[in-house]
Amino acid sequence: MTREKDLYEAPAVEAKWQKFWEETGLFHASEDSPKPKYYLLEMFPYPSGDLHVGHMKNYFIGDVLGRYKMMRGFEVLHPIGWDSFGLPAENAAIQRGLSPAQWTADNIATSRATLHRAGVGYDWRREIAAYLPNYYKWTQWLFLKLYENGLAYRASGPANYCPGCQTVLANEQVVDGICYRCDTPVERRHLPQWYFKITSYADRLLADHALLAEHWPRHVITLQRNWIGRSEGMTVRFPLVGEEGRHFDVFTTRADTLYGVTFMALAPEHPALAELVAGLPQQEEVETFCRAAINQREIDRASAATEKHGVFTGRYVRNPVNDEEIPLWVADYVLATYGEGAVMGVPGHDQRDFLFARKYGIAVAPVIRPAEGELPRAEEMTEADAEYGVMENSGPYSGLTSEEGMARLAEAGPREGWGRATVNYHLHDWLISRQRYWGAPIPVVHCPQCGEVAVPYEDLPVLLPPEDQVDFTPAERSPLASCPEYLKTTCPGCGGPAERDADTMDTYVDSAWYFLRYCDPTNDEAPWERTRADFWMPVDQYIGGDEHAVSHLLYARFFQKFLADQGLLRDPEPFPALFNQGMVKARVEKANGSATMEVMSKSKGNAVPAGPFIAEHGADVARLYITFAGPPSKDMEWTEEGVDAAARWLQRVWRLVAGNIDAVREAVSFEELTEPERELYRATHRTLKRVTDDLERLHFNTCLAFLMDFVNRLYLWEAAEAPAFGYALYHLIKMLAPFAPHMAEELWHRAGRDDSVFRAAWEEADAGALAAAQVTVVVQINGKVRGRVAVPAGASEEEVFAAAAEEANVARHLEGRKVVKKILVPDKIINLVCK
RNA sequence: GCCGAAGUGGCGGAAUUGGUAGACGCGCUAGAUUCAGGAUCUAGUGAAGGAUUAACUUCGUGCGGGUUCGAGUCCCGCCUUCGGCACCA
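J.: Pulling in residues and values, what's your account of the overall build of chain A?
T.: Within chain A, the regular secondary structure consists of 28 helices and 34 strands. In terms of its C-alpha atoms, chain A occupies a principal-axis envelope of roughly 105 × 85 × 60 Å. For chain A, the residues scored as buried account for 53% of the 835 residues in total. Here the analysis covers contacts within chain A between residues at least 6 apart in sequence; of these, 71% occur between residues at least 24 apart. Taken together, the 86 basic and 118 acidic charged side chains of chain A have centroids lying 4 Å from each other.

And the structure:
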């Protein structure tokens, strides 16, 4: 009959403490604090409005950690803001006639309310939004900084164009030839675009992975390393036969095979081609081929991966090392965007060249033999041999190993004027211009007199024009180009009439520096004050999904390095510690009755909306379930049973602690405890140690397992009026706090405290208490467990053995056998090796 | 093809450095309490054998070898799944 009264009413309690935290400024971070700082950050979220529980996972991970660090005595900076430029707002405008700004503001309000209601502890005073002029003013400011330093430039080149989004994309936004956002196959177009010169930082981005090795997931570093794709080699110059002074360069990592070159192949897009074949009998064939190849490869590059096509141009080039004349081909397997857009064909030692040569009857000339073997015979080869070996038929280099040969050739190249050592990267400069409205305008003016002129710093921000002046409907050029009020301006240089650049920036530019703005979010004079950035940066723990491994994380690292070079920041890396959380999956029922577990999303119909869920079950239940279901780094599955279990356990904790709230006590005298109580005291500290250790490792699921275990044990004491029980409850409340903050706060106050539990210190486990007087040692015979014995802690081999021999089962197994060796792991195990 | 991660009960998952495999939870079984429960409590729950309160024994962490007193953990060789890159010269 009192049961109803005992039930924990989450909604009312949670609202009460959320208000309390807000009013007491619990999560306000200050640079004036004497405490050590801890900057905790989850990746800049896009305000999609209707957050589902899957979205909440990384906020909860952050919040558990933040509250814990707070209790550990850190001044925690845990900010939030909105990555709020981008296509969805604009599409809402096009499709439903909504205002992008209003639509965005509404979504932010909804998302913000959900996070509030989830009880995630943020310093809301520092909230920022990328679409507001007081933010994008500084995005533009950073653009100008890069421009000033030659790291932002406009160039015409092959760009990835998405017909769906009607804008160009960065390489990082094209996945398998498909737009990352709308799944439309991407086309290649030649357009003048703005780039950030991230390639200037390629080597440093690579080298500084060493600084991240310890606290970044290894696969993220690997992904970045592969994406940067540094490769060392030589650029070799092949003169064009019959036209003195003209030549073609190729990049090769295998200069040791130079004597085996039997043809050269250009990419179909190679700019010199048209002129090269003009007037030749091959002209038409080459042009037809190139047109087909360029179109075809964009439609379906993957399936054409093995079959190679090409045509002979009718021209020849001369191999500079042996003066041989070799035919010049066009081939569809040569990439225009890598190296020089041309390759030297070495069929003997490159599989692609081999396939190509065999198909078109080009000679194969092996020049490398295995260290322990013969030079392969061209006519017998069925595939290329790409291994290093010993050079043959290579003039003065014959007999050298591949490594030696390459070193000598790298020296000879410049001396003899035909080549030089070079480095190539898979990474390209970051294409940042977008032909869309909802982004930060590029602060550049095009003047017929002065050309390209940067907008002066004092004229920032370049504001987006009002929405009613703009036609959002994509028309292959930026919507801003349709707005004369925006476009027409005066040149900052000469004062004459000029036009603004009509493009806006990639939203990844916004997120490449937002973590810096949190350090000083309201600064009107500068993007941030150096002293404030130096106080908070770098981010001590960054949390987010690994879908940003090569985009956002690479861009942000690039910005950080550039800004440090400018003296605006101190540290070489923004995020020394990165944590990748796994995703939340849920059942998707298929039409045929089967079901699969898929990543939760609204479009799949398996999303559980966060707001309604929290209203029904409470935020603590959501947090607890998500943190207990598995390691935060792995994907988890959302199930009804799991929700019930979390809710049930919280009620169990509530009954235990609230029902014995008067027993809660902060201290006990170990000396005065009975032995069973001492055992409980030890269990308390053992739990504290385990929970602490696993919080530090971000293994929250095991923290909760230990707490469950502890609660199970405490139930055995419930009726007893033992001091050690009240003491255990006291610690339970504190240990519960990071995981179920609302309930813990309520219990803490019911236990008579006025201040927040999060201002209470998280204690170190009592090391003395952890060392029990009696320990159980496992007895193994030949590696098999045969018994357990209780001995005093620190017992010697002889003592343990003596006790073991007494144990019935052990004695039985020892009968008639001789113990030849004893291995003791103190206080844990003894293994008796018997014959 | 290359790179990365992972394979442990019916299920989610534990097991820092090699040292009691299966913690904790779900589910299931039995019982208690209850007008009733999808609430709560207690006990059991890897498989097989042995057993009517057994003790205990054998097998067992994807597969096959190896190192070791001892292997989920280390080494060698495979298989499978997931993720990323994919003609990068």
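J.: Outline the nonpolar core, listing residues and values.
T.: Counting 193 residues, the largest nonpolar core has Trp-430, Phe-559 and Trp-638 as the members making the most contacts within it. Those residues within four positions of Trp-430 in sequence are excluded, and the remaining contacts are Ala-170, Trp-194, Tyr-195, Phe-196, Ile-198, Asp-506, Tyr-508, Val-509, Ala-512, Tyr-555, Phe-558 and Phe-559. Counting residues in hydrophobic clusters, the runner-up holds 38 residues, among them Met-264, Val-286, Ala-293 and Leu-400.

J.: Describe the protein's contact with RNA strand B, with residues and values.
T.: Near RNA strand B you find 52 residues, and of these Lys-308, Arg-352, Arg-652, Arg-788 and Asn-831 are the closest. For RNA strand B, the backbone makes up 62% of the atoms found within 4 Å of the protein, where backbone means sugar plus phosphate. Separating a sugar or linking oxygen of RNA strand B from a backbone N or O atom of Thr-253 is a distance of 2.5 Å. The greatest single-element share of the surface near RNA strand B, amounting to six residues, is contributed by helix α23 (residues 700-715). Its residues assigned to classes, the surface near RNA strand B comprises 21 nonpolar, 14 polar and 17 charged.

J.: Describe the sheet that holds strand β30 (residues 636-638), listing the residues and the values that go with them.
T.: Here we have three strands laid out as an open sheet, ordered β29-β28-β30, and mixed in their pairing. Each having just a single partner strand, β29 (595-599) and β30 make up the two edges of the open sheet. Strand-to-strand twist in this sheet, taken as the mean axis angle between neighbours without regard to direction, amounts to 40°. Here strand β28 (residues 584-589) pairs with β30 via three bridges, running parallel. Bridged to Val-584 within β30 is Met-636.

J.: Help me get a handle on helix α3 (residues 53-71), residues and values and all.
T.: Along an α-helix, residues three or four positions apart point the same way, because every turn accommodates 3.6 residues. The first and last C-alpha atoms of α3 sit 26 Å apart over 19 residues, in line with the 27 Å expected at 1.5 Å per residue. Along its length, α3 reaches its greatest deviation from straightness, about 30°, at Tyr-59. Summarising burial for α3: 18 of the 19 residues are buried, a large majority.

J.: How would you sum up the environment of Trp-717? Please name residues and give values.
T.: With respect to the helices, strands and loops of the structure, Trp-717 is situated in the loop between α23 and α24 (723-736). The exposure class of Trp-717 is buried, given its relative accessible area of 16%. Distance in space between the C-alpha atoms of Trp-717 and Glu-677 is 9.5 Å, their sequence separation being 40 residues. If near-sequence neighbours (up to four positions away) are discounted, Trp-717 is found in contact with Pro-676, Glu-677, Leu-680, Ala-722 and Phe-725.

J.: Describe the packing of aromatic side chains, and please don't skip the residues or the numbers.
T.: The full count for this structure, using the stated rule, is 49 aromatic pairs. Plain terms: the ring middles of Tyr-508 and Tyr-555 are 5.6 Å apart, the flat faces sit at 70° to each other, and that makes the pair edge-to-face. Here Tyr-508, found in helix α15 (residues 507-510), pairs with Tyr-555, found in helix α18 (residues 552-565); they are 47 residues apart in sequence, far enough to count as distant. A connected cluster of aromatic rings, assembled from ring pairs, spans Phe-143, Tyr-147, Trp-194, Phe-196, Tyr-201, Trp-430, Tyr-508, Tyr-555, Phe-558 and Phe-559. The lysine or arginine in question, Arg-67, covers the ring of Phe-758, its NZ or CZ lying 4.6 Å from the ring centre.

J.: I'd love a proper account of the sheet that holds strand β27 (residues 578-580), names of residues and values included.
T.: One open sheet holds the four strands; their spatial order is β2-β1-β26-β27, and the pairing between them is parallel. Only two strands of the sheet have a single partner each, and these edge strands are β2 (75-77) and β27. On average, each strand axis in the sheet is tilted by 20° relative to the strand beside it, whichever way the strands run. Sheet topology places strand β1 (residues 37-42) next to β2; three bridges connect them, and they run parallel. When the sheet's bridge partners are listed, Tyr-39 is paired in β2 with Leu-77. With respect to the sheet, α3 is in contact with β1, β2, β26 (541-544) and β27, its orientation differing from that of β1 by roughly 170°.

J.: Explain the environment of Tyr-388 residue by residue, including any values.
T.: In this structure, Tyr-388 sits in the loop between β16 (368-369) and β17 (390-391). In this structure the C-alpha to C-alpha distance between Tyr-388 and Arg-254, which are 134 residues apart in sequence, comes to 9.1 Å. In contact with Tyr-388, not counting residues within four places along its chain, are Arg-254, Ile-368, Ser-402, Glu-403 and Met-406.

J.: Talk me through the pattern of salt bridges; I want residue IDs and the actual numbers.
T.: Scanning the entire structure with this criterion turns up 50 salt bridges. One salt bridge in this structure joins Asp-208 and Lys-561, with 2.4 Å as the shortest N-O distance. Placement of the pair is Asp-208 in the loop between α7 (202-207) and α8 (209-212) and Lys-561 in helix α18, with a sequence separation of 353 residues. The exposure class of Lys-561 is buried, given its relative accessible area of 1%. For the salt bridge of Arg-246 with Glu-275, the shortest nitrogen-to-oxygen distance reads 3.6 Å. Of this pair, Arg-246 sits in the loop between β10 (231-239) and β11 (247-252) while Glu-275 sits in helix α10 (residues 273-277), and the two are 29 residues apart along the sequence. Assessed through its relative accessible area of 52%, Glu-275 is described here as exposed.

J.: Residues and numbers for a negative patch on the surface, please.
T.: Side chains of Glu-616, Glu-640, Glu-641 and Asp-644 sit close together on the surface and give a patch of like negative charge. No other element matches helix α21 (residues 640-658), which puts three residues into the negative patch. One can find Glu-641 in helix α21.

J.: Run through the pairing of strand β14 (residues 325-331), naming residues and quoting values.
T.: For β14, the tally of buried residues reaches six of seven residues, placing the bulk of the element in the interior. Pairing geometry for strand β12 (residues 263-266) and β14, over three bridges, is parallel. Considered in β14, the bridge of Met-264 is made with Leu-328. Inspection of the sheet shows strand β13 (residues 310-318) paired to β14 by seven bridges, in the antiparallel sense. Considered in β14, the bridge of Val-317 is made with Ile-326.

J.: An account of the pairing of β26 is requested, with residue identities and associated values reported.
T.: One face of the sheet, then the other: side chains in a regular strand alternate in exactly this way. Burial of β26 is two-sided: the residues Gln-541 and Ile-543 facing one way and the residues Tyr-542 and Gly-544 facing the other way are all buried. In this sheet, β26 lies alongside β1 in parallel orientation, the contact comprising three bridges. In the strand pairing of β26, Leu-41 is matched with Tyr-542. Across three bridges, the pairing between β26 and β27 is parallel. Bridging across to β27, Gly-544 finds its partner in Asn-580. Each parallel crossover has a hand, and for β26 linked through α18 to β27 it is right-handed.

J.: Would you mind going over the packing of α23 against α24 in detail, with residue names and values included?
T.: In the contact formed by α23 and α24, the axes pass within 11 Å of each other and the chain directions differ by 155°. When the axis of α23 is compared with that of α24, the two are roughly antiparallel. In this structure, the crossing between α23 and α24 has a hand that is left-handed. Contact with α23, carried on its side by Leu-707, Phe-710, Val-711 and Leu-714, involves Phe-725, Ala-728, Leu-729, Leu-732, Met-735 and Leu-736 of α24 and no other residues of that element.

J.: Can you explain the state of the cysteines? Please cite residues and give values.
T.: This model, assessed by the stated rule, comprises zero disulfides. In this model Cys-450 remains outside any disulfide bridge; the closest cysteine sulfur is found in Cys-494, 3.6 Å from its own. Residue Cys-450 is classed as partly exposed on the basis of its relative accessible area of 38%.

Basis of the calculations
- Residues numbered from 1 in each chain as written.
- Chains lettered and ligands numbered in written order.
- Predicted model: local features only at pLDDT ≥ 70, side-chain atom pairs only at ≥ 80, totals over all residues.
- Heavy atoms only, no water.
- Helix = DSSP H or I, 4+ residues; strand = E, 2+ residues; numbered from the N terminus.
- Buried < 20%, exposed > 50% of the residue type's maximum accessible area, 1.4 Å probe, protein only.
- Contact = heavy atoms within 4.5 Å.
- Lys, Arg positive; Asp, Glu negative; His and termini not counted.
- Charge placed at Lys NZ, Arg CZ, Asp CG, Glu CD.
- Core = buried A, V, L, I, M, F, W, Y, C linked by side-chain atoms within 4.5 Å.
- Near = heavy atom within 4 Å.
- Polar contact = N/O pair within 3.5 Å; in protein donor to acceptor, adjacent residues only side chain to side chain.
- Nonpolar A, V, L, I, M, F, W, Y, C, P; charged D, E, K, R; others polar.
- Pairing = 2+ DSSP bridges.
- Axes fitted to C-alpha atoms, helices over the stretch in contact; angles between N-to-C directions.
- Expected span 1.5 Å × (residues − 1).
- Bend = angle between axes of the 7 residues up to and from the residue.
- Phe/Tyr/Trp six-rings, centres within 6.5 Å; stacked < 30°, edge-to-face > 60°.
- Lys NZ or Arg CZ within 6 Å of the ring centre and 35° of its normal.
- Salt bridge = Lys/Arg side-chain N within 4 Å of Asp/Glu carboxyl O.
- Patch = residues over 30% accessible without salt bridge, like charges linked within 9 Å, V, L, I, M, F, W, Y side chains within 5 Å.
- Areas by Shrake-Rupley, 256 points an atom, 1.4 Å probe, with all protein chains shown as cover.
- Right-handed = clockwise from strand over helix to strand, strands pointing away.
- Parallel < 35°, antiparallel > 145°, perpendicular 65-115°, else oblique.
- Left-handed = near helix turned anticlockwise from the far one by under 90°.
- Disulfide = S-S within 2.5 Å.

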